[in-house]
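# Chains, contacts and geometry: an overview
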Amino acid sequence: MSATPAQQVRHYLQFSDLSAPEYAHVMVRAAEIKRKFKAYEKYHPLADRTLAMIFEKASTRTRVSFEAGMYQLGGSVVHLTTGDSQLGRAEPIEDSARVISRMTDIVMIRTFGQDKIERFASHSRVPVTNGLTNEFHPCQILADIFTYIEHRGSGGSEDKVLDCLKGKTVAWVGDGNNMANTWLQAAELLGFTLHLSTPSGYEVDQAVAGLRSANSYKIFKDPEDACRGADLVTTDVWTSMGFEAENEARKKAFADWCVDEAMMQAAKPDALFMHCLPAHRGEEVSASVIDGPQSVVWDEAENRMHVQKALMEFLLLGPIHD
Ligand code: CP
Ligand code: NVA
């Protein structure tokens, strides 16, 4: 069991919590960890470690990828939800953090406000990872960047692995939500440009996204203009979890923000399409795009597991050079 002093604990609460060189390391490790998985090579660096997963919102990919990933690393998992724990009966989040982090080695939380995961982390003895909040979804963008590198990079060592992102354009079409905020942080940190087109009233907020400047993104009124010349086009549901009461209003506001073939044609001929999933064909993306040749959404989903294994390895063991 780890007994890491609190001041040495590294959390992953938003994308900007790791530096570019640390991302380069995690990307290289994720490729190696994926290779081992595909070769049925046993790799148990987290034997006897326990991951606590706390879900206050629904999940398929995050649950399966963290749970399967932790077992594959030799560890075990405890799964908690609001409904089946004292979290749903008003136990203070700080008390829950103190208790859970005395019995486990790493925590993943999916919750509502970012303030909640920050309060948990500030009372946790062990690393806390953001499995999605209203504001951010860093593990997803970690997987998206890895997927982009797999498809468009030339792999390589830590000093080269991120090169394929430099100067590239990612187009975000849709809600100014947790995914958009996280893409904004990634663009600023890793040196690419984000084109954003959101319906009026659903714009991103630079302060919420926690950016240092406005240099790494451009806003477009027309989603097709945002896609023009893009290397990657990406979108997300019109209504995120926790915003279901706005569903009908959003359906009207977002009607023109559907990534279709015309938008993909505006992008570069070899542009990729990504979606964090779950997707609603005919709403934010047409079936022809998500099920078409430029879509890499299934690699993207699978890669959640490989990058999160690399992330947990990094947070618990630090850099590995084997
Ligand atoms: N993309 C993603 O986080 O999916 P889940 O909501 O299924 O976990
Ligand atoms: N923005 C979506 C992502 C789901 C993985 C949500 O928060 O519901």
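Described in the following lines is the structure provided in the data block. Everything numeric here is computed off the predicted structure, so don't read it as measured data. Counting restarts for each chain: residues are numbered from 1 in the order of the written sequence. Chain letters and ligand numbers both follow the written order, the letters beginning at A and the numbers at 1. Reporting in this predicted model follows two pLDDT cut-offs: at least 70 for local features of residues, and 80 or more for side-chain atom pairs to be given and counted; totals over whole chains, interfaces and linings ignore these cut-offs and use all residues. Side-chain figures throughout are based on the complete set of non-hydrogen atoms in the structure, without hydrogens or water.

### As for the pattern of salt bridges
Throughout this description, the term salt bridge denotes a Lys or Arg side-chain nitrogen within 4 Å of a carboxyl oxygen of Asp or Glu. One pass over the full model with this rule turns up 20 salt bridges. Of the charged contacts in the structure, one is a salt bridge between Arg119 and Glu94, with a shortest N-O distance of 2.8 Å. Remark: Glu94 occurs in helix H3 (residues 93–103) and Arg119 occurs in helix H4 (residues 114–122); sequence separation between them is 25 residues. Asp225 serves as the salt-bridge partner of Arg228, at 2.9 Å between the closest nitrogen and oxygen. The buried label applies to any residue whose accessible area, calculated with a 1.4 Å probe on protein chains only, is under 20% of its type's maximum; exposed applies above 50%, and partly exposed to all values in between. The exposure class of Arg228 is partly exposed, given its relative accessible area of 44%. By the criteria applied, helices consist of DSSP H or I runs no shorter than four residues and strands consist of E runs no shorter than two, each listed in order from the N terminus.

### Considering the site of ligand 1
Whether a residue is near a molecule or strand depends on its heavy atoms: if one lies within 4 Å, it is near. Around ligand 1, the neighbouring residues are Ser59, Thr60, Arg61, Thr62, Arg110, His137, Gln140, Cys276, Leu277 and Arg304. At 2.8 Å from an oxygen atom of ligand 1 is found a side-chain nitrogen or oxygen belonging to Arg110. Each polar contact in these results corresponds to two N or O atoms within 3.5 Å; when the atoms are within protein, one needs to be able to donate a hydrogen and the other to accept it, and residues that are neighboring in sequence are counted only if both atoms are side-chain atoms. At 2.9 Å, a backbone N or O of Leu277 approaches a nitrogen atom of ligand 1. When isolated, ligand 1 has an accessible area of 260 Å², and the protein chains bury 95% of it. Side-chain classes are defined by residue name, with Ala, Val, Leu, Ile, Met, Phe, Trp, Tyr, Cys and Pro counting as nonpolar, Asp, Glu, Lys and Arg as charged, and the others, Gly among them, as polar. Each residue belonging to the shell around ligand 1 can be placed in one class, and the counts come to two nonpolar, five polar and three charged. Residue burial considers only the protein chains on display, and all accessible areas are found by Shrake-Rupley using a 1.4 Å probe.

### Observations concerning the side chain of Ser65
Considering the arrangement of structural elements, one finds Ser65 in helix H2 (residues 61–72). Here the side chain of Ser65 touches Arg61 through a polar contact of 2.6 Å, landing on its backbone oxygen. For Ser65, the side chain forms a polar contact with the side chain of Gln308, separated by 3.0 Å. For Ser65, the residues in contact, after removing those within four places along its chain, are Arg304, Met305 and Gln308. Any two residues having at least one pair of non-hydrogen atoms within 4.5 Å are treated as being in contact.

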